[in-house]
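Results of the structural survey
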Amino acid sequence: MQQFIDNYDFTGKKAIVRVDFNVPLNENFEITDDTRIRRAMPTLKKVLEKGGAVIIMSHLGRPKKVDPKFSLKHIVGRVSECLGVPVQFADDCQKADAQAAALKPGEALLLENLRYYAEEEGKPRGLAEDASDEEKKAAKAAVKASQKEFVKKLASYADCYINDAFGTAHRAHGSTALIADYFPNDKMFGYLMEGEIKAVDNVLKNGQHPITAIIGGSKVSSKLAVLENLVTKVDNLIIGGGMGYTFIKAEGGKIGTSLHEDELIPDAQKIMAIAKERGVNLSLSVETLVANDFSNDAETKLVPSHEIPDGWEGMDAGPKSLEKWREIILSSKTILWNGPVGVFEMPNFAKGTLQIAEDLAEATRNGAYTLVGGGDSVAAVTQMGYADKVSYVSTGGGAMLEAIEGKELPGVAAIRG
Ligand code: AMP
């Protein structure tokens, strides 16, 4: 049975909380962006305020074995500062029995990186490149078998389980999904998870029409399932950025040397056909800022998006595209944005993405619900100072993409199921 933090009695209880503290560190192991730590604080603080203790667990990076570079001890100081209590540290997530047992109400313990153990992901490690299928199968079975013990140990530390790690909710890992089985009546979402799930529902399930999705970024292949789902849900589908050129080529346009994927042209045509059939306004770029080189200092000019000359490549949306998209955005009640509409990392090609961020902020001011979901568009709104001017900015890249593909995430299913 799923519980809710606000109703749960944490008095004298220990909560094991899966968070996503996979924060970027510089070469001196200093945190360069602590957003993920800060976003988990409401949940952790709530447990402490309500008389509980927290055992915090996370992964950091992608270590394939114990590796001090990926130690969570680098972040203990910042977590303590944010939480307002000194956080103890267990330097082996599988040997924290005594520390967990000694925790008193109001105290916090952070476990060392879960991914020091292959059992967290449940995938074998160290297999020889030329391992036979049999060997691969045996190694997989072995790690799956020891995964049960790994998860059981983590569960043994606590009375209840909270999943607040949206960033890994699309993974069926030990700490994100399997552990929930040990807490059939004492498992719940943290506030961040709850917020992310609601944000997606606000668009895909309960969104007020007109609903607009703006999908940009580099490749159609990485967002095909997203487009296939959205085209059945939205009124307007704006496709920009590098992936737009595959669609423009699919319509018979000339795209010069712009990024595109020929093998995905049939998929693009299928999506355009579905849009037509369903009366969805699929809006591509009409004017493009092209460059004669993939460089910030390249020579540039504005051309119609379907007539890009040979030797030139599309780098950003032009003013006519942006004007058309602005009208769509400002007449929408619900807007989802994923992926930049240009090579925004280069200042000369960031204007389009900045304009979209501004339009979203304006739509939000006018009462629309706006969700910025995943990866580079989140970086763009944050970098450009618009993060608090839209309704919701997601913390999950891959997880958000899978959620807008319409999939139920394993981390979500484990709590609800
Ligand atoms: P994604 O991870 O799929 O959301 O893609 C983000 C990347 O798409 C960013 O690094 C952008 O620079 C890139 N991108 C956006 N527009 C273009 C374009 N016209 N040509 C090449 N790359 C682009």
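Two faces, one strand: in a regular strand the side chains alternate between the faces of the sheet. The element strand 16 (residues 334-338) is largely enclosed, with a buried count of 5 among its 5 residues. With respect to chirality, the unit in which strand 16 leads through helix 11 (residues 351-365) into the neighbouring parallel strand 17 (residues 369-372) is right-handed.

A few words now on the pattern of salt bridges. A full pass over the atoms with the stated rule returns 18 salt bridges. With its nearest N and O atoms 3.3 Å apart, the salt bridge here joins Arg 36 to Asp 20. With Arg 36 in helix 1 (residues 35-49) and Asp 20 in the loop between strand 2 (14-18) and helix 1, this pair connects stretches of sequence that are 16 residues apart. On the accessibility criterion, Arg 36 (25% relative accessible area) is partly exposed. One salt-bridge network, in which partners are shared between bridges, spans Asp 34, Arg 38, Arg 78 and Glu 81.

Its volume calculated, the largest pocket comes out at about 980 Å³. Looking at the largest pocket, it is lined by 44 residues, and the ones nearest its centre are Gly 374, Gly 375, Asp 376, Ser 377 and Ala 379. Put simply, the parts of the chain that give the lining of the largest pocket at least two residues each are helix 1, strand 15 (313-317), helix 12 (375-383) and helix 13 (398-404). For the lining of the largest pocket, the element with the most residues is helix 12, which contributes 6 residues.

Right, let's get into unusual backbone geometry. The omega torsion of the bond from His 209 to Pro 210 falls at 0 degrees, within 30 degrees of zero and hence cis. Positive phi outside glycine occurs at Phe 29, with the angle close to 60 degrees. As for its placement among the helices and strands, Phe 29 is situated in the loop between strand 2 and helix 1.

Moving on: helix 9 (residues 265-278). Compared with the 20 Å implied by 1.5 Å per residue over 14 residues, the 20 Å span of helix 9 between its first and last C-alpha is a close match. For helix 9, every residue scored as buried is listed here: Ile 265, Ala 268, Ile 271, Met 272 and Ala 275. Burial along helix 9 is one-sided: seen end-on, the buried residues are contained in an arc of 120 degrees. In helix 9, the exposed positions angled more than 90 degrees off the buried face are occupied by Pro 266 and Glu 277. As for helix 9, its buried residues are in contact with helix 7 (224-230), strand 9 (236-239), helix 8 (244-250) and strand 11 (281-284). Of the residues one or two after helix 9, Gly 279 is the one with positive phi, at around 75 degrees.

What follows deals with the sheet that holds strand 12 (residues 287-291). Neighbouring strands of a sheet are bound in pairs by backbone hydrogen bonds; such pairs are parallel or else antiparallel. The sheet built from 3 strands is open, its strands ordered 13-12-15 with antiparallel pairing. A strand with exactly one partner marks an edge of an open sheet, and here the two such strands are strand 13 (300-304) and strand 15. For this sheet, the mean angle separating the axes of adjacent strands, direction not counted, is 45 degrees. Here 4 bridges tie strand 12 to strand 15, and the two strands are oriented antiparallel to one another. If you follow Ala 291 over to strand 15, its bridge partner there is Glu 313. Sitting on the sheet, helix 10 (residues 319-330) is in contact with strand 12, strand 13 and strand 15, with an inclination near 40 degrees to strand 15.

This brings us to a negative patch on the surface. Together, Glu 129, Asp 130, Asp 133, Glu 134 and Glu 135 give the surface a local cluster of negative charge. Along the chain, Asp 133 turns up in helix 5 (residues 133-156). You can call Asp 133 exposed: its relative accessible area is 60%.

What follows concerns the packing of helix 1 against helix 2 (residues 76-83). Two quantities define a packed helix pair, namely the angle between the axes and the distance from one axis to the other. Relative orientation of the contacting elements helix 1 and helix 2 amounts to 60 degrees, with a least axis distance of 9 Å. With respect to each other, helix 1 and helix 2 are oriented oblique. Helix-helix and strand crossings are classified by hand; for helix 1 and helix 2 the assignment is right-handed. Contacts between helix 1 and helix 2 involve Ile 37, Arg 38, Met 41, Leu 44, Lys 45 and Leu 48 from the first element and Arg 78, Val 79, Cys 82 and Leu 83 from the second. A breakdown of the residues in the contact of helix 1 with helix 2 according to their chemical character gives 7 nonpolar, no polar and 3 charged.

Definitions and limits used
- Residues numbered from 1 in each chain as written.
- Predicted model: local features only at pLDDT ≥ 70, side-chain atom pairs only at ≥ 80, totals over all residues.
- Heavy atoms only, no water.
- Buried < 20%, exposed > 50% of the residue type's maximum accessible area, 1.4 Å probe, protein only.
- Helix = DSSP H or I, 4+ residues; strand = E, 2+ residues; numbered from the N terminus.
- Right-handed = clockwise from strand over helix to strand, strands pointing away.
- Salt bridge = Lys/Arg side-chain N within 4 Å of Asp/Glu carboxyl O.
- 1 Å grid on protein atoms, 1.4 Å probe; cavity = no way out; pocket = protein on both sides within 12 Å on 5 of 7 lines; lining within 4 Å.
- Points joined across faces, edges and corners; volume = space filled by probe spheres on them.
- Expected span 1.5 Å × (residues − 1).
- Arc of directions from axis to C-beta.
- Contact = heavy atoms within 4.5 Å.
- Pairing = 2+ DSSP bridges.
- Axes fitted to C-alpha atoms, helices over the stretch in contact; angles between N-to-C directions.
- Patch = residues over 30% accessible without salt bridge, like charges linked within 9 Å, V, L, I, M, F, W, Y side chains within 5 Å.
- Areas by Shrake-Rupley, 256 points an atom, 1.4 Å probe, with all protein chains shown as cover.
- Lys, Arg positive; Asp, Glu negative; His and termini not counted.
- Charge placed at Lys NZ, Arg CZ, Asp CG, Glu CD.
- Parallel < 35°, antiparallel > 145°, perpendicular 65-115°, else oblique.
- Left-handed = near helix turned anticlockwise from the far one by under 90°.
- Nonpolar A, V, L, I, M, F, W, Y, C, P; charged D, E, K, R; others polar.

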